[in-house]
Amino acid sequence: MSFLNNQDLFINRELSWLQFNQRVFEEVQDMSLPIFERLKYQAIVSSNLDEFFMVRVASLKDQVNAGIDKVDPSGMNPQKQLSKIAEKVHAMVHEHYLYYQKALDEELKRHKYHMIAKEDLDADDMRSLEHFFDESIYPVLTPMAVDSSRPFPLISNKSLNIGVLIEDANDHDGMYFATVQVPSILPRMIRIKTHKEFKYTYILLEDVIELFIHRLFYGKTVILSHPYRITRSGDFNLREEDADDLLREIEKSLKLRKWGEVTRLEIKAGSDQRLIDLLMKELHITEQDVYEINGPLDLTFLFKVPQLVKMKSEKLLDKPHHPQIPSDLYQVEDIFKAIQEKDMLLHHPFDSFEPVIDFIQKASDDPDVLAIKQTLYRVSGDSPIIRALAEAAERGKQVTVLVELKARFDEENNINWAKRLEKTGCHVIYGIVGLKTHSKITLVVRKEKDRIRRYVHLGTGNYNDETAKLYTDLGMLTCNEYIGADASAFFNMLSGYSEPIDMYKLILAPINLRESFMAFIEREIHQAKKGQEAHIIMKINALVDPEIIDALYRASVAGVKVDLIIRGINCLRSGIKGVSDNIHVRSIVGKFLEHTRIFYFYNGGKEEIYLSSADLMQRNLDRRIEILFPVESVNMKKRINEILDIYMRDNVKARVQNPDGGYDRLEPHGERINSQEYLCDLSKLAFRTHVEDLVSLLQ
Amino acid sequence: MTKIKLYAALDVGSNSIKMKVVSVDENNQVSIIEELRKNIALGKDTFNYNRIRTETMLKLCDTLNDFRKIMDMYQVEKYRAVATSALRESDNRDIVLDLIKQKTGFEVQLINGAEEKHFTYLALEEKFKPTGDFREEGAVVLDIGAGSVEVSLFYNNQIQRTYSIQTGVLRLKEILNDLERLTIDYPKLLADFIDAQIFDVRNDIAGLEIENFIAIGGEVVQLRQLCTLKGNEDGQINKDEFNAIYGDFLRYPLPKVMRQYGVRSDNADHFLPTLILIQRFIDMTAAERIILSNVSLRDGMVAHDCLIDEKTILLRDVLDSAWGIVNKYNGNRKHLNHVCDLADALFKELKQVSGLKERDRLLLNLSSILHEVGTYISVMDMWKATYDVIMYSDLIGISDEEIHMIAAIAKYSGEHSPSYQAVADKGFDEQSRIRVKKLSAILSLANAMDRSKGKKLKLKSVNLKKSELRIKCTSDKETLLEEWAFQRRSERFYDVFGYIPKLQCKGDEDVVFK
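What comes next concerns the included structure. (Residues numbered from 1 in each chain as written. Chains lettered and ligands numbered in written order. Predicted model: local features only at pLDDT ≥ 70, side-chain atom pairs only at ≥ 80, totals over all residues. Heavy atoms only, no water.)

**Section: the overall build of chain A**
Scanning chain A from terminus to terminus reveals 18 helices and 27 strands. Over its C-alpha atoms chain A spans a radius of gyration of 28 Å, differing by no more than 12% from the 27 Å that the globule rule assigns to 699 residues. Its C-alpha atoms give chain A principal-axis dimensions of roughly 90 × 65 × 55 Å. Looking at chain A residue by residue over its 699 residues, the buried ones come to 59%. If you take every contact in chain A between residues at least 6 apart in sequence, the share linking residues at least 24 apart comes to 74%. Only carbon and sulfur atoms are counted for the fraction: they give 50% of the accessible area of chain A, which is about 29600 Å². Computed over 92 positive and 107 negative side-chain charges, the inter-centroid distance for chain A is 2 Å. (Helix = DSSP H or I, 4+ residues; strand = E, 2+ residues; numbered from the N terminus. Rg over C-alpha atoms; globule rule 2.2 N^0.38 Å. Buried < 20%, exposed > 50% of the residue type's maximum accessible area, 1.4 Å probe, protein only. Contact = heavy atoms within 4.5 Å. Areas by Shrake-Rupley, 256 points an atom, 1.4 Å probe, with all protein chains shown as cover. Lys, Arg positive; Asp, Glu negative; His and termini not counted. Charge placed at Lys NZ, Arg CZ, Asp CG, Glu CD.)

This is how it looks when you write it as structure tokens:
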């Protein structure tokens, strides 16, 4: 039995992603949240969409250009997907801006923040803005005109521009086109004197430029000007496609080109059709790629709003969460000894990321440590981890760092510190050809009195102390012999010193991760068929892989209870009679980005729990180096079961998938549980209890 | 403060280069720290071109340098690096060894099948120590390598026989590669070829009723995993279960059956011959189950260098295997034992003045045991035959060069003193030439003392006095023949050692020097 050929049972991944982005947009609409938090969500929605056009839409366009007509599991070819995406995104963007204008803007005004329109400026404002334009803006503007001798200039990705039509009697159209990039070095929002009852009044930079655009074309007549913005396909080499052959096909069809193809044009609603037509022609796009925006282009500037106003009022923002040091590690002098006593589980950002940094710093300082090996994917700019590694190398320890340069859009940052590490004597490995290294693992080798002992940190998230405050992730610190040996073997494999050898505990992609998942699911199916209890819980960011989805359908049919907690893309359809009635899908979108990957299998009562860096997508299973690791300590398993239980009981931030594939919020009844808030409270409580215990001990 | 020793065992094999890093604590507890394997098919070069190609050599050096980094990381104090058949048999092995030395600093030791076996048995012994000694119960050990297959028979607490058969899995692949596409029944072709190669061994083993069968090396580890998956603990499988697997592999198309059993496809070429070899050998024994052991050459090196008192174990194994050869060629054990003791006694006394080492004593012992094996083949030309038989024998733990020395010592002990040139012609260097001459002179004298092979002389003492080597013996029998022979050999002895050998041999009481 296989469901692979039943297209109705699969949801297109792009459309599912758009649904996810809409769930984030629902947070913008959540009136219970402080206004600035909602603005941040709006900025996230916008920046998500940018990346979607740079990566996903770009890939589909490439496929169309290369003549690939392969249908996805839901039965859509690339062309069809593009039109469907365009249809959905047009509607969504319309909704987003409507909400921005009608609700967010109004609400901001209620809080006395005012984004003023050009038309509402008074003479005073005009004078001071003109001064500002002359002094600060004009010197950094570069207008570029297009005529028979000057070709259409290269408009860079995600830049904001102003398109201008200028009267020209000599031209047969009677006009020519010019474009001015809105300089990104200047702040997007410019504060001016306050108006009416508001506390703060702002105007957007592009509006100011438009006001004085004629100053750039002295002696000419400006017919009209409108802001526009384009999105291009991201650097091809850094994009991951889901299938090898697909990648090769596209590569063949693509000529060497420096600039990515344009995937979207955003232009102010109501812009002159002449300008739109001209841009469409020059940028080689069609009508469906043109998005008329009813409001400010590029809402990612909203990220900056809270910083800009330096508000004191806490009501406009969430109370900041302070990650707690887990009680087992609180005021612990010797982290190695603590790990020897027992494995440690860290649940970020409820638990602080400090212990992980401390672990690496202590390893760097400790004279008994022989080597530190680590995979680094996305690291924060001034990372304490990088510093500790560099110091370790300077102290003569063997330091091996695998740097993944293919971390999307992050590559330049990575190259800089990787070079720095190399200078200190670290052995830096720049990824493995064809396989992105996505696993997160640190190995510390220590020569102790009577043995060599290996300490390992394994995680579901990156070694980034900044994102660890915003993403939910799980990490484990252990000195389990088997995991230590596996970790050594893993690094030997990455550094090319050794072939992959059989591992004791770790399961790796692309070696045996897929077959292991399949075997775990089959095992539950087998149990269910025998009439025994069978249960799978997966908490992941994305479920795309058709083979896994098929296995989950078969599990459901066999009677396995399947609970899926999927933050983002999910191509599976739950609750279909006779196919997926036993599958329950929920998605949690909250103030922290859900990022943990937890896999639970009932296994006839001998529960198995695994954590991983991998999602259930083809690229994770087949084209990346990923690690799945078991959680074996009874206490840790108990804790993860509690965490899963809290996520399953969430009735505030959880949305549940219905058989149509849509997601509905739950009707509130009984105790309201917001899983992330609940976990924050829990960690604080645990910490407080621990400190109280300590104090009472001292008394 | 650290009380552990770190040791690395490196194996430059036919298919891959492997390294095991272990720590050994005060109580001789071994912990495996690292295991590395890098696939470099040296065997492919040797078996195809008779030499290792430069690019392969360079790859090998790169890998050794990588391994060195790991060793440095753990601050490994001691290592042993050995190379087996692929490198040993390549024409340019000296160049390869030199290049390795220059580029990586590693001293790689070429070892032959017998030395390999020695290590492996040490590992097996360590492994079976807690559960009893397989030597006592009797066992056939089948060691399937890439180049060759080594078979050893243990019973009555001794290695009785050892064989080296040129049917290693990689060698088979290279030999039969061209034929494979010509037949639809490749397994049959393989089986026929293997049968032809093991014909002689079959005759020796059949009928011995040995009940333990141990398979190691090659794809045995994979077979072992397959059995563990099927619920057989400790890597054991009974004969019927094995035959079922064997049958499936013979009957069904390879890709299908490999999928069914979850055998990695890159090992297919090696897995099938492994199965056939095990099947053929288990049928020769009375064993009802197969012990699929995962011990490796590297484990043996660890045991040898870190755990076991080398002298005792090596001596026992090597002497066992020498006696095994004597048995095979119907040697006179009583006489040989006697000569061995006599020669040993002479050696002990001479050791202080001769510059000979303890290792030379072992060579002398072995030459003494083996010095007549040629008689079985040709009485007329027995010394040459002896030389040839020894040259083609495997002696556990003895290198090819040493085998050559043993053969020469045995040969020259029976002939007139060979000229230096004659010994040099055999390809020995200066040092070895002197050792061969000295040891053959001792053996020649000891052999003379049992000329009648009747064990007539009872040794009382051996003493160096002034310029004489005084040997006191008693006897209750007529010893004229011995005395005559002794006289004839004494000049040669004097030439080599500068001491005149004197034999005092009388009735039990009054010994008078002659």
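Further notes follow.
**Describing unusual backbone geometry**
With omega at -5 degrees, the peptide bond leading from H348 of chain A into P349 of chain A counts as cis. Here P349 of chain A is to be found in the loop between β10 (344-348) and α10 (354-365). Here the amide bond leading from A509 of chain A into P510 of chain A is cis, since omega sits at 0 degrees, within 30 degrees of zero. Here P510 of chain A shows up in the loop between β18 (507-509) and α14 (513-529). Within the chain, K453 of chain B stands out as a residue other than glycine whose phi angle is a positive 60 degrees. Turning to its location among the elements, K453 of chain B is positioned in the loop between α21 (430-448) and β12 (458-465).

**What to know about the pairing of strand β26 (residues 654-657) of chain A**
Residue and element names in this part refer to chain A. Every second residue of β26 is oriented toward a common face, with A654 and V656 on one face and R655 and Q657 on the other, all of them buried. Relative to β26, strand β21 (residues 583-588) runs antiparallel, the two being bridged by three bridges. By the bridge assignment for β26, S587 is matched with R655. Taking the residues that link successive antiparallel strands as the turn, the β26-strand β27 (residues 663-665) hairpin has five residues, and the phi of G661 there is positive, at about 100 degrees. (Pairing = 2+ DSSP bridges.)

**Remarks on a negative patch on the surface**
Among the surface-exposed residues, E137, E209, E211, D240 and E288 of chain B lie close enough to one another that they form a single negatively charged patch. Within the fold, E288 of chain B resides in the loop between α13 (268-284) and β11 (289-292). (Patch = residues over 30% accessible without salt bridge, like charges linked within 9 Å, V, L, I, M, F, W, Y side chains within 5 Å. Salt bridge = Lys/Arg side-chain N within 4 Å of Asp/Glu carboxyl O.)

**Overview of the interface of chain A and chain B**
Taken together, the contacts link 22 residues of chain A with 25 residues of chain B. Summing both partners gives a buried area of about 2100 Å² for chain A against chain B, and 50% of it is carried by carbon and sulfur. Taken as a group, K447, Y497 and E499 of chain A account for 31% of the area that chain A buries against chain B, more than any other trio of residues on that side. In this structure, the connection of chain A to chain B is made through zero salt bridges. For the side of chain A that touches chain B, the elements supplying multiple residues, two or more each, are β11 (369-376), β15 (440-447), β16 (452-459) and α13 (481-494) of chain A. Considering every element that reaches the side of chain A that touches chain B, the biggest residue donor is β11 of chain A, with three residues. Taken together, the residues of the side of chain A that touches chain B sort by class into seven nonpolar, five polar and ten charged. (Buried area = accessible area lost by both parts, 1.4 Å probe. Nonpolar A, V, L, I, M, F, W, Y, C, P; charged D, E, K, R; others polar.)

**Things to note about the sheet that holds strand β3 (residues 160-167) of chain A**
All names here are of chain A. Judged by pairing direction, the sheet is mixed, and its six strands sit side by side in the order β2-β4-β3-β7-β8-β9 without closing on themselves. With partners counted over all chains shown, the strands left at the sheet margins are β2 (144-146) and β9 (290-293), one partner each. Strand-to-strand twist across the sheet, computed as the mean angle between neighbouring axes with direction ignored, equals 30 degrees. Judged from the five bridges that link them, strand β7 (residues 222-232) and strand β8 (residues 262-268) form a sheet pairing that is antiparallel. Bridge pairing in β8 places R229 opposite E266. (Axes fitted to C-alpha atoms, helices over the stretch in contact; angles between N-to-C directions.)

**As for the nonpolar core**
All names here are of chain A. Counting residues in each nonpolar core, the largest one holds 119 residues, and the members touching the most others are F517, I521, L543, L552 and L564. With twelve residues, the top contributor of residues to this core is helix α3 (residues 78-110). The residues touching I521, leaving out its near neighbours within four places in the chain, are I536, M538, I548, A551, L552, A555 and F601. (Core = buried A, V, L, I, M, F, W, Y, C linked by side-chain atoms within 4.5 Å.)

**Remarks on the side chain of D207 of chain A**
All names here are of chain A. Considering the arrangement of structural elements, one finds D207 in helix α5 (residues 205-211). Among buried charged residues, D207 stands out as having no salt bridge; its nearest opposite-charge side chain is K118, 4.2 Å away. Ignoring sequence-local partners within four residues, the contact set of D207 consists of K118 and K268.

**Quick look at the environment of E401 of chain B**
Looking at the secondary structure, you find E401 of chain B in helix α19 (residues 400-414). When residues no more than four places from it in sequence are discounted, the contact partners of E401 of chain B are F428 and S432 of chain B.

**Comments concerning the packing of helix α7 (residues 169-180) of chain B against helix α8 (residues 186-197) of chain B**
All names here are of chain B. Where α7 contacts α8, the two axes come as close as 11 Å, and the packing angle between them is 135 degrees. Considered as vectors, α7 and α8 are oriented oblique to each other. When the axes of α7 and α8 are compared, the crossing they make is right-handed. In contact with L172, I175, L176, L179 and E180 of α7, α8 contributes Y186, L189, L190, F193 and I194. Residues belonging to the contact of α7 with α8 are distributed by class as follows: nine nonpolar, no polar and one charged. (Parallel < 35°, antiparallel > 145°, perpendicular 65-115°, else oblique. Left-handed = near helix turned anticlockwise from the far one by under 90°.)

**Some words on the environment of N620 of chain A**
Residues and elements named next belong to chain A. You can see N620 is positioned in helix α16 (residues 618-622). Separated by 182 residues in the primary sequence, N620 and H438 place their C-alpha atoms 8.2 Å from one another. Look past the residues within four positions of N620 in its chain and what remains in contact with it is H438, A509, L513, A614, D615 and E626.

**Examining helix α11 (residues 384-394) of chain A**
Residue and element names in this part refer to chain A. Judged by how many residues are buried, α11 sits mostly within the fold: eight of eleven residues are covered. Measuring from the side-chain oxygen of the N-cap residue of α11 to the backbone nitrogen of I385 gives 3.0 Å; that N-cap residue is S383. Positive backbone phi, at 90 degrees, marks G396, one or two positions downstream of α11. (Polar contact = N/O pair within 3.5 Å; in protein donor to acceptor, adjacent residues only side chain to side chain.)

**Some details on the pattern of salt bridges**
For the coordinates displayed, the defined rule picks out 70 salt bridges over all chains. A salt bridge links E210 of chain A to K118 of chain A; the shortest N-O distance between them is 3.3 Å. With a gap of 92 residues between them, E210 of chain A in helix α5 and K118 of chain A in the loop between β1 (113-115) and α4 (123-137) connect regions that are remote in the sequence. For E210 of chain A, a relative accessible area of 13% translates into the label buried. For K118 of chain A, a relative accessible area of 24% corresponds to the partly exposed category. Residue K384 of chain B pairs with D388 of chain B through a salt bridge whose shortest N-O separation is 3.1 Å. In this pair, K384 of chain B and D388 of chain B are both assigned in helix α18 (residues 382-391), four residues apart and thus about one turn of the helix distant. Assessed through its relative accessible area of 43%, K384 of chain B is described here as partly exposed. Looking at D388 of chain B, the relative accessible area reads 30%, which means it is partly exposed. One continuous salt-bridge network, built from bridges that share partners, spans E26, E27, D30, K653, R655 and R665 of chain A.

**Points about the packing of helix α17 (residues 358-370) of chain B against α21 of chain B**
Residue and element names in this part refer to chain B. Close contact between α17 and α21 brings their axes to 10 Å; oriented N to C, the two are set at 50 degrees. As summarised for this structure, α17 and α21 are arranged oblique, according to the angle between their axes. Crossing geometry of α17 relative to α21 is assigned as right-handed. Mapping the contact onto sequence places D360, L363, L364, S367 and S368 in α17 and R435, L439, I442 and L443 in α21.

**Re the sheet that holds strand β6 (residues 200-204) of chain A**
All names here are of chain A. Strand order in the open sheet made by the three strands is β1-β6-β5, with mixed pairing throughout. Looking at which strands have only one partner, the edges of the open sheet turn out to be β1 and β5 (189-192). Adjacent strand axes in the sheet meet at a mean angle of 35 degrees, parallel and antiparallel pairs treated alike. Pairing between β5 and β6: four bridges, direction antiparallel.

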